[in-house]
Each structure stands twice: as C-alpha cells, then as structure tokens.
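# A closer look at the structure
Here's the letter readout for the chains.
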Amino acid sequence: MAINKGIIGIGAASGGANDLGIGDMMFQLDFEDQVVDLTGNYSMTANNITYSTDSVFGTKSADFNGTNSYIITEGSSDFSINQFSISTWIKIDTFTHGGQLITRFGQNSGGGGIPSEYFFHFRQYNTLTLNGTIYNGAGSGVNTSAGSNKVTVGNWMNIVYVSAGSNTRRWYVNNVLVKSHTSSIPINVQAKNLGIQFGAIGNVTHQSPSDIKLDNVRMFSKALSVAQINTLYNE
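This report concerns the structure included in the present document. Values in this document were obtained by computation on a predicted structure and should not be read as measured data. (Residues numbered from 1 in each chain as written. Predicted model: local features only at pLDDT ≥ 70, side-chain atom pairs only at ≥ 80, totals over all residues. Heavy atoms only, no water.)

### A few points about the side chain of Asn216
Structurally, Asn216 is set in strand β16 (residues 212–220). A relative accessible area of 2% places Asn216 in the buried class. A distance of 2.9 Å separates a polar atom in the side chain of Asn216 from a polar atom in the side chain of Gln28. (Helix = DSSP H or I, 4+ residues; strand = E, 2+ residues; numbered from the N terminus. Buried < 20%, exposed > 50% of the residue type's maximum accessible area, 1.4 Å probe, protein only. Polar contact = N/O pair within 3.5 Å; in protein donor to acceptor, adjacent residues only side chain to side chain.)

In structure tokens:
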C-alpha cells in the first residue's frame, strides 16, 4: 500500500526540484514513469526499472527487480566530497542475503578497479542490518553499521546517511538517529568521474542487485542538521 504524501514540490506537476529551503542539493530523483533529476544537474541511466504505484511521493516509485535493475548517474568528480548527505525513501520487497542501496564504486571491464569511495548496503547476518562502508583508496575500508532491526522488509522507510567531514558518519531511519560513528579511515576523495549507482554495485558488472523500491532520492553537498533531516521526513 502506498504512503502517499502527494506531490509536494516535486514531479511534473510542480515544475522542478525542491530543496525545502535546505540548500546545496546536488540532485533529486523523480520516478514518474522515467528517472529524472529534477535539478537538471545530472543525466541518469536506468536499466530494467519499472515504475510502481506503491509510492510515497507523486504517483510512482522506482521498482528494482532484484536481478538486473539499477540506476546510475553520469560520472562526475562532483561526488568526490567528504561532506555530503543522501536521503531516500526505501521499501525492501524481498530479502535473502544482501543487497546494495547506494554506491560509488569504480570497476572496469578488465577486473581492475578505480579506488572506491563509499557504498551503503543491507546484509543478513543474524538479523537484517544496514551498513555503510567507507574506503581509503588503498584497499582498506571501515564499516559503519546502523545495527540490527533498524530496517524491515515490506515497509516504506526514510533513510538518511550523513558524512559530516572526513571521519564522522551518521545513520537516521525514520527521523531517528540510529548510529553515530567516528572512523579512523577518511573517505577516499579523488577527482574521479564516477557516477552514483542505486540498487547494485560496480560500474560495469552491477553486482548484488536489490529487490527494492526507491522514492524521492536527494543528495546534498553538506552534512544535514537534525532540523533539516526532520524537514525532509515531515515534508
């Protein structure tokens, strides 16, 4: 069942993006029968995405089939920053092992890789967990887990990941801080023309596909405050 909040500043009916007065928004993805960045900043490529009326905003969400669906932005060095925030509504339809949510992970067709920067995923260990992994570009990474039982299957959830500088990360689920972590490993910030991918990992192989729905995805080039996250959740 949709938790439909109507079209509030998004979609064709509104004529463009809406940062809700927060500022510094890099993109906002709309899924009304196609994938569009409402800011006009980046082009998007969608592979085997369908559009479901089970949505939170507008009339449609992006539906990933868990086999070969993904969305990826055009490559840009704009995303090589250590202060950023990503907000999305997500519904995990089915879950068996692990799946990618949002990644910036370089990989070429020969098997070599551009050093990855970050990826956010959910895994089944003893319970369903939400994780974010930051890489330093030299083969080392550190995981920030939001902990178990913070996400569920079959329900719409608002998830916000905040990178507040090179070493501080925060997870919010449904407007609640579930994890704050200071890491010894900074983000591997390099001027690489990599895109941000949704629903899979690897710019060529698109591995670990997810059976999920996404709606109203935004990225900001700053660490959002508690008040700003509250504004996003309650719009």
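### Let's talk about the pattern of salt bridges
Evaluation of the coordinates by the stated rule reveals six salt bridges. Of the charged contacts in the structure, one is a salt bridge between Lys213 and Asp93, with a shortest N-O distance of 2.9 Å. A residue pair is termed long-range when its members are at least 10 positions apart, and Lys213 in strand β16 and Asp93 in the loop between β7 (83–92) and β8 (98–104) qualify at 120 residues. Connected through salt bridges with shared partners, the residues Asp63, Asp93 and Lys213 form a single ionic network. (Salt bridge = Lys/Arg side-chain N within 4 Å of Asp/Glu carboxyl O.)

### Points about the pairing of β7
Burial analysis of β7 places nine of its ten residues in the buried class, which makes it a mostly covered element. Judged from the nine bridges that link them, β7 and strand β12 (residues 156–164) form a sheet pairing that is antiparallel. Across the sheet, the residue bridging to Phe84 is Ser163, located in β12. In this structure, β7 lies alongside β16, joined through seven bridges in antiparallel fashion. (Pairing = 2+ DSSP bridges.)

### Looking at the packing of aromatic side chains
According to the stated counting rule, one finds eight aromatic pairs in the structure shown. Between Tyr42 and Phe79, the aromatic rings sit 4.9 Å apart at their centres with planes inclined by 40°, giving tilted as the arrangement. Of this pair, Tyr42 sits in the loop between β2 (36–37) and β3 (44–47) while Phe79 sits in the loop between β6 (70–73) and β7, placing them 37 residues apart in sequence. (Phe/Tyr/Trp six-rings, centres within 6.5 Å; stacked < 30°, edge-to-face > 60°.)

### Section: the side chain of Lys60
Along the chain, the position of Lys60 falls in the loop between β4 (50–52) and β5 (61–63). By relative accessible area, Lys60 is classed as buried at 14%. With sequence-adjacent residues up to four places away left out, Lys60 is seen in contact with Phe31, Glu32, Asp33, Tyr51, Ser52, Thr53, Ser55 and Asp215. (Contact = heavy atoms within 4.5 Å.)

### Observations concerning the nonpolar core
Judged by nonpolar contacts, the single largest core of 30 residues is most densely connected at Phe27, Phe64, Ile71, Ile90, Phe198, Leu214 and Met219. Every element with two or more residues in this core is listed here: β1 (25–30), β7, β8, β12, β13 (168–173) and β16. By size, the runner-up hydrophobic cluster in this structure holds nine residues, among which are Ile22, Val160, Tyr172 and Ile229. (Core = buried A, V, L, I, M, F, W, Y, C linked by side-chain atoms within 4.5 Å.)

### Describing the environment of Thr168
Mapped onto the fold, Thr168 is located in strand β13. C-alpha separation for the pair Thr168 and Gln83, spaced 85 residues apart in sequence, amounts to 9.2 Å. Discounting chain neighbours no more than four positions away, the residues touching Thr168 are Val162, Ser163, His181 and Thr182.

### So, the environment of Phe84
In this fold, Phe84 is placed in strand β7. Placed 77 residues apart in sequence, Phe84 and Tyr161 show a C-alpha to C-alpha distance of 8.3 Å.

### Notes on the environment of Leu224
With respect to the helices and strands, Leu224 occurs in the loop between β16 and α1 (226–234). Residue Leu224 is classed as buried on the basis of its relative accessible area, which comes to 4%. For the pair Leu224 and Tyr161, spaced 63 residues apart in sequence, the C-alpha to C-alpha distance is 9.2 Å. Sequence-distant contacts of Leu224, that is, excluding residues within four places in its chain, are made with Ile22, Ser85, Val162, Ile229 and Leu232.

### Things to note about α1
Listing the buried residues of α1 in full gives Gln228, Ile229 and Leu232. Buried residues of α1 fall within an arc of 100° about the axis and therefore sit on the same side. Exposed residues pointing more than 90 degrees away from the buried face of α1 are listed as Val226 and Ala227. Lining the buried residues of α1 we find β7, β12, β13 and β16. (Arc of directions from axis to C-beta.)

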